[in-house]
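Survey of secondary and tertiary structure
Here is how the chains run, residue by residue.
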Amino acid sequence: MTETPRETRVLDAVVSLVDSLLVDFDVVDLLTELTERCAALLDVESAGLLLVDPLEQLRLLAATSEETRELELFQLQADEGPCVDCYSTGQPVSVADIQAEADRWPRFVPAALDAGFASVHAVPMRAAGIVMGALNLFGTHPGALSDADLLVGQTLAHVASVAILQEHAPTPWTVMPQLRSALTGRILVEQAKGFLREILDVSVEDAFTLLRSYARANGEHLTDIARRLITDRHSRPVLIAAISEFASAQPS
Amino acid sequence: MAIHDQLLAAVDGRRGAEAADRLCDACVMLFDIDAAAISLVFDGSNSGTLGSSGQPARMYDELQFTLGEGPCLESVALRTPVLVADLADPDEGRWPIYGPALLSYQIRGVFAMPVLVAGEYIGALDLFRAQPGNLNGEHFAGAVVAAELAGVPMLDLLDADLQSAVNDPGSNAWTELHSLSRAEVSQATGMLVAQLGVEPAEALVRLRAHAYAVGRSSTDVARDILERRIKLEAD
């Protein structure tokens with residue numbers, strides 16, 4: 001049997017998970033599948049998703065295994081362990097050899113070793129600048145996550161974040177207004193292109209590039225800049241001045 | 001005939017208030033509701049009911065402008081559909097004056113779809129129903145189409161020259177919406193906003209009025225504006 005390249009398997013997992021997001025789905029069921037996909041793709045034995053509760057305690061949402069010993073291992077991390085560190089820093093944590101961290105995590109390490117694990121990793125889940133939790137991975141042999149593994153883990157953690165935030169499946173009542181709203185954004189952008197063409201005497205193509213790079217440089221949404229330019233008479237002069245200044249600072 | 005074909009048939013060949021009235025009639029016929037109205041909220045002051053399925057609909061709709069609260073006002077302010085399944089629901093307290101007033105007319109369900117012109121939320125299609133309950137998916141989707149089409153009579157009514165215009169057998173809402181949604185038209189609208197110092201909806205009204213006056217398509221006129229081949233005069 002020929003081995004399917006990992007790239008294909010990763011894409012297959014992402015497509016299948018995102019497909020589920022576009023129809024009615026159950027969040028725990030979907031995320032359980034996500035942890036299973038994750039374990040298969042990353043050569044880890046066990047994977048779990050821990051989500052922070054309103055009291056900032058990490059709680060298990062979904063895992064590859066429902067075995068008591070493994071569930072306990074996830075639950076232990078409410079207090080200490082790689083997920084707590086990942087959650088508090090917002091950065092991935094990769095522990096190639098659990099044994100070496102006995103002093104750091106006096107309760108977590110013996111429990112992990114008892115359960116037969118040798119390495120552990122945690123990848124953050126985020127939204128709106130908030131760390132929501134972590135994707136936790138356990139391996140049965142020592143070793144760090146490669147950059148490629150980390151990217152796969154992070155991709156699936158992002159999908160999990162979207163799934164949690166989109167738990168209410170799209171319905172005709174939400175989809176159609178969103179489509180209209182998206183198209184309205186495009187109308188505003190086109191109007192703003194014409195507006196800048198007139199004011200700055202640039203082509204509509206250049207006006208678009210300018211709007212987009214100005215919005216990005218200022219950490220703002222393209223459509224928000226367009227809307228202000230087109231509909232907000234009060235802030236318009238200041239915004240035009242800022243965009244003109246930005247344009248003249250660009251290498252032509 | 002599919003819902004959207006029936007909605008199109010209601011407005012084609014008609015302009016302004018008459019097209020708006022017929023669109024409202026079609027909504028009542030198609031969406032299991034009892035009354036429909038199209039109203040405009042423009043820069044706060046210039047607002048009111050433009051079309052309706054009849055006198056009761058006009059009254060339910062105008063009431064919100066008297067009371068300062070209601071579906072059209074809320075839908076425009078929030079830029080989203082407003083769906084109230086049952087005004088009699090004790091948890092439904094969004095309109096403390098308008099809600100009880102409509103209940104006294106035996107209206108339980110109220111649904112408003114925003115109407116957009118030139119990317120601006122300028123009005124709404126308001127639907128009223130005596131029975132409580134949500135619009136079903138098919139009727140909701142139809143109401144979104146009707147709100148889209150309502151943009152055309154609304155444009156007519158924003159244009160002083162077209163306000164009292166007689167019906168135009170050649171008018172076709174679909175072709176018109178398609179033409180007006182082209183990128184060139186929006187770009188030219190933006191240029192007019194800068195040139196004439198007007199709001200986008202007003203700029204689009206001007207562009208369209210010029211196209212009518214010279215007997216050309218809005219898209220062609222938009223291209224000429226973009227290439228600076230023509231320039232519209234400020235009022």
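Concerning the overall build of chain B
Along its length, chain B carries 10 helices and 5 strands. Its C-alpha radius of gyration of 18 Å places chain B within 12% of the 18 Å reference for a compact globule of 235 residues. The principal-axis extent of the C-alpha atoms belonging to chain B is close to 60 × 40 × 30 Å. The proportion of buried residues among the 235 residues of chain B is 52%. Sequence-distant contacts in chain B: of pairs separated by 6 or more residues, those separated by 24 or more amount to 63%.

Quick word on the nonpolar core
The nonpolar side chains of a soluble globular protein tend to be buried, and buried together. By size, the foremost hydrophobic cluster in this structure holds 93 residues, and its most contacted members are B:Leu23, B:Cys27, B:Leu125, B:Ala143, B:Ala150 and B:Met154. When residues in this core are grouped by element, the largest group, 12 residues, is from helix H6 (residues 137-158) of chain B. Every residue in contact with B:Ala143, bar those within four places of it in the chain, is listed here: B:Cys27, B:Phe31, B:Phe111, B:Met113, B:Leu125, B:Leu127 and B:Leu135. If you look at the next biggest cluster of nonpolar residues, it comprises 43 residues, including A:Trp105, A:Phe108, A:Ala157 and A:Ala163.

A look at the domain arrangement of chain B
Residue and element names in this part refer to chain B. By the assigned domains, chain B splits into domain 1 (3-158) and domain 2 (182-226). Between domain 1 and domain 2, the C-alpha centre-to-centre distance is 28 Å. Taken together, the 7 residues of domain 1 in the interface contact 8 residues of domain 2. At the level of elements, strand E5 (120-129) and H6 are the ones that each hand at least two residues to the side of domain 1 that touches domain 2. Taken together, the residues of the side of domain 1 that touches domain 2 sort by class into 5 nonpolar, 1 polar and 1 charged.

Examining the domain arrangement of chain A
We note that the domain assignment places domain 1 (6-165) and domain 2 (172-249) within chain A. Relative placement of domain 1 of chain A and domain 2 of chain A: their C-alpha centres are 40 Å apart.

A look at the interface of chain B and chain A
Taken together, the contact pairs 22 residues of chain B with 20 residues of chain A. Elements with a contribution of two residues or more to the side of chain B that touches chain A: H6 and helix H8 (183-196) of chain B. Counted by class, the side of chain B that touches chain A contains 13 nonpolar, 8 polar and 1 charged residues.

Quick notes on the pairing of strand E4 (residues 119-127) of chain A
Taken residue by residue, a regular strand's side chains alternate between the two faces of the sheet. Residue and element names in this part refer to chain A. In terms of burial, E4 is largely enclosed, as 7 of its 9 residues are buried. By the bridge criterion, 3 bridges tie strand E3 (residues 93-95) to E4 in an arrangement that is antiparallel. Paired with valine 95 across the strands is valine 120, a residue of E4. Bridge count between E4 and strand E5 (residues 130-139): 9 bridges; the pairing is antiparallel. Residue pairing for E5: methionine 125 is matched across the bridge by glycine 133. Between E4 and E5, which pair antiparallel in sequence order, lie 2 residues; one of them, alanine 128, sits at a positive phi of approximately 55°.

Let's talk about H8(B)
With 14 residues, H8(B) ought to run about 20 Å at 1.5 Å a step, and its terminal C-alpha atoms sit 20 Å apart, in line with that. In terms of burial, H8(B) is a largely internal element, 12 of the 14 residues being buried. Residues B:Glu184, B:Val185, B:Ser186, B:Gln187, B:Ala188, B:Thr189, B:Gly190, B:Met191, B:Leu192, B:Val193, B:Ala194 and B:Gln195 constitute the buried set of H8(B). In this structure, the buried residues of H8(B) make contact with helix H7 (172-200), helix H8 (204-217) and helix H9 (222-231) of chain A together with helix H7 (173-180), helix H9 (200-214) and helix H10 (218-226) of chain B. B:Gly197 sits one or two residues past H8(B) and shows a positive phi near 65°.

Details of the sheet that holds E3(A)
Residues and elements named next belong to chain A. Read from one edge of the open sheet, 5 strands run E2-E1-E5-E4-E3, paired in antiparallel fashion. Strands at the two margins of the open sheet, each flanked by one partner only, are strand E2 (58-63) and E3. When strand polarity is set aside, the average angle formed by the axes of neighbouring strands in this sheet is 20°. Pairing of strand E1 (residues 46-52) with E5, which is carried by 6 bridges, proceeds in the antiparallel orientation. Looking at E5, one finds that serine 46 is bridged to phenylalanine 138.

Some points on the environment of A:Phe117
On the secondary structure map, A:Phe117 appears in the loop between helix H5 (108-114) and E4. Residue contacts for A:Phe117: discarding those within four places in its chain leaves A:Glu45, A:Ile98, A:Ala112, A:Phe138, A:Gly139 and A:Thr140.

Description of the packing of helix H1 (residues 6-21) of chain A against helix H2 (residues 27-42) of chain A
All names here are of chain A. Axis separation between H1 and H2 bottoms out at 11 Å; the angle between their running directions is 175°. By the angle class used here, H1 and H2 are roughly antiparallel. Contacts from Arg6, Arg9, Val10, Ala13, Leu17 and Ser20 of H1 reach H2 at Leu30, Leu34, Arg37 and Leu41.

Observations regarding the packing of H6(B) against H7(B)
Packed helices, taken two at a time, are described by the angle between their axes plus the distance between the axes. All names here are of chain B. Where H6 meets H7, the axes come as close as 10 Å, and the angle between the chain directions of the two elements is 85°. Taken together, H6 and H7 sit at an angle that is classed as roughly perpendicular. Contact with H6, carried on its side by Glu148, Leu149, Gly151 and Val152, involves Ala173, Glu176 and Leu177 of H7 and no other residues of that element. Residues that form the contact of H6 with H7 fall into these classes: 4 nonpolar, 1 polar and 2 charged.

Criteria and thresholds
- Residues numbered from 1 in each chain as written.
- Chains lettered and ligands numbered in written order.
- Predicted model: local features only at pLDDT ≥ 70, side-chain atom pairs only at ≥ 80, totals over all residues.
- Helix = DSSP H or I, 4+ residues; strand = E, 2+ residues; numbered from the N terminus.
- Rg over C-alpha atoms; globule rule 2.2 N^0.38 Å.
- Buried ≥ 20, exposed ≤ 12 C-beta atoms within 10 Å, placed from the backbone.
- Contact = placed C-beta atoms within 7 Å.
- Core = buried A, V, L, I, M, F, W, Y, C linked by C-beta atoms within 7 Å.
- Domains from an automatic or database assignment.
- Nonpolar A, V, L, I, M, F, W, Y, C, P; charged D, E, K, R; others polar.
- Pairing = 2+ DSSP bridges.
- Expected span 1.5 Å × (residues − 1).
- Axes fitted to C-alpha atoms, helices over the stretch in contact; angles between N-to-C directions.
- Parallel < 35°, antiparallel > 145°, perpendicular 65-115°, else oblique.

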